[in-house]
Amino acid sequence: MSTQERGSAGARVGTASADAVDEARIPRQLWVEEPAGRRRMPDAVRTAAVRAVLIMALTIIQAVIALLCTLAGSWLAFPMVLSSVASTVVATWAVLDVWVTRQVWNQRHGVVSVPSSTARQMRRERRRAQRAARAAERDEADGRIRGRRGAGDLSRA
């Protein structure tokens, strides 16, 4: 077999296998959904977190402006420093708000499995109420069935 024959045979085989691969290949999508590694934050917590990030960003910008005004010797430096201190307090409060909101949501919706969890106590009370309702239904149904038996005296005669 000459070099040309080998090359043409390889080209034919390579082309055939490439065509088979192209036919077997699934078209690539532009957007592929992947399962999230972590669950999505609850809406209340996400809202508090976004608010905290925005407040922190504004506080950092304000601190930089205060620093630049101080370095430039501007009259605006003193008010900017005072407002930066106030913004830092507000940003700290916003971060604490995220933490508290998350804890409250977890406790109300039963994520935390602690004996003192409010959610566990509420579930317990709900179960007791459901059991009591089912027992009342059963007693009511038994009374109706007994009443029917008593009415069937004609068949016993």
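The structure displayed is predicted, hence computed values, not measured ones.

Calculation notes
- Residues numbered from 1 in each chain as written.
- Predicted model: local features only at pLDDT ≥ 70, side-chain atom pairs only at ≥ 80, totals over all residues.
- Heavy atoms only, no water.
- Axes fitted to C-alpha atoms, helices over the stretch in contact; angles between N-to-C directions.
- Helix = DSSP H or I, 4+ residues; strand = E, 2+ residues; numbered from the N terminus.
- Parallel < 35°, antiparallel > 145°, perpendicular 65-115°, else oblique.
- Left-handed = near helix turned anticlockwise from the far one by under 90°.
- Nonpolar A, V, L, I, M, F, W, Y, C, P; charged D, E, K, R; others polar.
- Buried < 20%, exposed > 50% of the residue type's maximum accessible area, 1.4 Å probe, protein only.
- Contact = heavy atoms within 4.5 Å.
- Polar contact = N/O pair within 3.5 Å; in protein donor to acceptor, adjacent residues only side chain to side chain.
- pLDDT = per-residue confidence, 0-100.

Can you explain the packing of helix H2 (residues 43-72) against helix H3 (residues 77-108)? Please cite residues and give values.
Contact pair H2 / H3: the axes reach a minimum separation of 8 Å and the direction vectors enclose 165 degrees. Classified by the interaxial angle, the pair formed by H2 and H3 is roughly antiparallel. H2 and H3 meet at a crossing whose hand is left-handed. Looking at side-chain class alone, the contact of H2 with H3 contains 20 nonpolar, 8 polar and 3 charged residues.

Account for the environment of Thr59, naming residues and giving values.
Tracing the backbone shows Thr59 in helix H2. Relative accessible area serves as the criterion here: at 10%, Thr59 is assigned to the buried category. Put simply, Thr59 and Val90 are 31 residues apart on the chain and 8.8 Å apart in space, counted from C-alpha to C-alpha. Those residues in contact with Thr59 that sit more than four places away from it in its chain are Ser84, Ser87, Thr88 and Ala91. For Thr59, the side chain forms a polar contact with the main-chain oxygen of Ile55, separated by 2.8 Å.

Lay out the confidence of the model for the chain in plain terms, naming residues and giving numbers.
Do not read the fine detail of predicted coordinates wherever pLDDT is low. Averaged over all residues, the pLDDT of the chain equals 80, while 70% of them reach at least 70. Per-element confidence in the chain ranges from a low mean pLDDT of 56 for helix H1 (residues 3-24) to a high of 95 for H2.

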